[in-house]
Amino acid sequence: MNYKDMDIYEVLKCAATTRDEEGFYNTVRQFTLIEFVNQMRREDPRFDALYRTEPGRGLFYAGSRFDKLKVGNRWEVDINIVLKMPEVHRITEIDPNLPHFMKIKPVSVDQQIKPLLAPSGHIDPVKVFEVLQRAANLALAKLGGRWKTQNGVNVRLDHEVKNPYVLRLMPQSEQFPDLISIDLVAAFEISIDKLPAATRDRIRSIQEQHNVKQARCLAVALPVVSKQYLQIDFPGIARELMKNKPSLKGSIRILKFERNLFREPYDKIFSYCYKNLGLLEVLDKPDDDLWKIECLWERYCEMRERLANHLIFNHMPDAFIPALNLMKRVKDLHVKESLGGYLRKKRFCTRRPSRQWQRKHPDQIFKMDDDVESHHYY
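Residues numbered from 1 in each chain as written. Predicted model: local features only at pLDDT ≥ 70, side-chain atom pairs only at ≥ 80, totals over all residues. Heavy atoms only, no water.

### A closer look at the nonpolar core
The cut-off we apply is this: Nine residue types can take part in a nonpolar core, namely buried Ala, Val, Leu, Ile, Met, Phe, Trp, Tyr and Cys, and a core is a set of them joined through side-chain atoms within 4.5 Å. Relative accessibility thresholds used throughout: buried, under 20% of the residue-type maximum; exposed, over 50%; partly exposed, between the two (1.4 Å probe, protein chains only). Every helix listed is a DSSP run of H or I at least four residues long, and every strand listed is a run of E at least two residues long, numbered separately from the N terminus.
Among the nonpolar cores identified, the biggest contains 107 residues, and Met40, Leu184 and Phe320 are the most heavily contacted of them. At nine residues, helix α4 (residues 125-143) tops the list of elements feeding residues into this core. Counting ten residues, the second-largest nonpolar core is a separate cluster that includes Ala62, Phe101, Val220 and Tyr229.

### With respect to helix α5 (residues 197-210)
Put simply, the test is: A helix's residues, less one, multiplied by 1.5 Å, set its expected span. Read the arc as the range of directions from the helix axis to the C-beta atoms. Contacts were defined at the residue level, with two residues in contact if any of their heavy atoms lie within 4.5 Å.
Between its terminal C-alpha atoms α5 stretches 20 Å, which fits the 20 Å expected from 14 residues at 1.5 Å a residue. Within α5, the full set of buried residues consists of Thr199, Ile203, Ile206, Gln207 and His210. Seen along its axis, α5 keeps its buried residues to an arc of 95°; they face one direction. Every exposed residue of α5 that faces more than 90 degrees away from the buried side is listed here: Ala198 and Glu208. Those residues of α5 hidden inside the fold are in contact with β4 (101-106), α6 (235-242) and α8 (271-284). Phi turns positive one or two residues past the end of α5, at asparagine 211, with a value near 55°.

### What to know about unusual backbone geometry
Backbone geometry places asparagine 211, a non-glycine residue, at a positive phi of 55°. Assignment of secondary structure puts asparagine 211 in the loop between α5 and β9 (216-220). Owing to a relative accessible area of 59%, asparagine 211 belongs among the exposed residues under this scheme. Phi is positive for asparagine 244, which is not a glycine, with a value near 60°. Note on placement: asparagine 244 falls in the loop between α6 and α7 (246-262). Residue asparagine 244 is classed as partly exposed on the basis of its relative accessible area of 47%.

### Overview of the packing of helix α9 (residues 296-312) against helix α10 (residues 333-345)
Test applied: The angle between two axes is taken between their N-to-C directions and runs from 0 to 180 degrees, where each axis is a line fitted to C-alpha atoms and a helix contributes only its stretch in contact. By definition in this entry, angles of less than 35 degrees are roughly parallel, angles greater than 145 are roughly antiparallel, angles of 65 to 115 are roughly perpendicular, and the rest are oblique. For a crossing to be left-handed, the near helix must be turned anticlockwise from the far one by less than a right angle; the clockwise case is right-handed. Note on residue classes: Ala, Val, Leu, Ile, Met, Phe, Trp, Tyr, Cys and Pro are nonpolar, Asp, Glu, Lys and Arg are charged, and everything else, Gly too, is polar.
Taken N-terminus to C-terminus, the directions of α9 and α10 make an angle of 150°; their axes are 8 Å apart at the nearest point. When the axis of α9 is compared with that of α10, the two are roughly antiparallel. Crossing geometry of α9 relative to α10 is assigned as left-handed. Only Lys336, Glu337, Leu339, Gly340, Gly341, Tyr342, Leu343 and Arg344 of α10 make contact with α9, whose side of the interface consists of Arg304, Glu305, Leu307, Ala308, Asn309, Leu311 and Ile312. In the contact of α9 with α10, the residues fall into seven nonpolar, three polar and five charged.

### Some details on the environment of aspartate 318
Definition in use: Two N or O atoms form a polar contact when they lie within 3.5 Å of each other; inside protein one atom must be a possible hydrogen donor and the other a possible acceptor, and for residues adjacent in sequence the pair counts only when both atoms belong to side chains.
Its place among the elements puts aspartate 318 in the loop between α9 and α10. A relative accessible area of 7% means that aspartate 318 is categorised as buried. Residues in contact with aspartate 318, not counting those within four places in the same chain, are Tyr272, Asn276, Leu324 and Leu326. Of note is the side chain of aspartate 318, whose polar atom sits 3.3 Å from the side chain of tyrosine 272.

In structure tokens form, the structure reads like this:
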């Protein structure tokens, strides 16, 4: 298919999934996930004691699928299982190589949190992951690798033991047989006020400028990256910044769709780079009127040029913690220079739609509002 002959809305339609697909896979995932977590709690008292039981606080739905940035029919989702954190705690150290990873030390230690602590008294990411892994394995064994959802879909279950813990759902459906992959990680909520001064002040500045009200962020256990530090993440703030900005989400999806078409070596540019690219643009352009669907072509062209510059100059600051250079994660300098040069020289879709067509059709082609799964927690 020659995308150069297509206008930008037509390309966006190619990057989307159908409503029937979304409805089926979202329902299977949701029914199965809730039952699986409940089974984890029933089978493992230690996990149950740590799990946040307040309504809407135990699971945080993160990642591209829930940010409306996913392209194609790969049904992969990221779920943070939120555990209890003692209210009195402090951040004692920042990883010198990864400034978004920090050590957290509870000041008041109770019996629930004690098994998760390193000898130094800090929360140990390895021990946190082991609690999640044990409970998930017990739940999987109890369910016997099979589950029938409330709407009557038979699902086979298995898993991959790595970090994150990957729960795999295989619907027994001829029409919708695709694998659903759920990445489970354990996380804690912490107050933004507890963050180091430079990070805290930047987050507060972003919130004030963009009228975002989020009191907490996440500290995620990822021992595959760090066995001592927790990753500080701001998915709730990011989601609020992107809310009601259809040309932002559309631009990110087209850029990711283009990457996926070329695959190697460009697929080494990981998905969060594209999301972060969009967040940087929003921080520079806080006016919501600039992000209406009618502005898709302009915003897409600007973001494509900005991505090229980040790649060529080998530097992309994290939107929330600018000391973190996301380009360091992409090790192959030639890949970055090659993709950056391509983005500067060649246009993916070159035909701009008419103003009359824009006014008449965008909402029918691509609905980017936030009325579905807009909340963070379930």
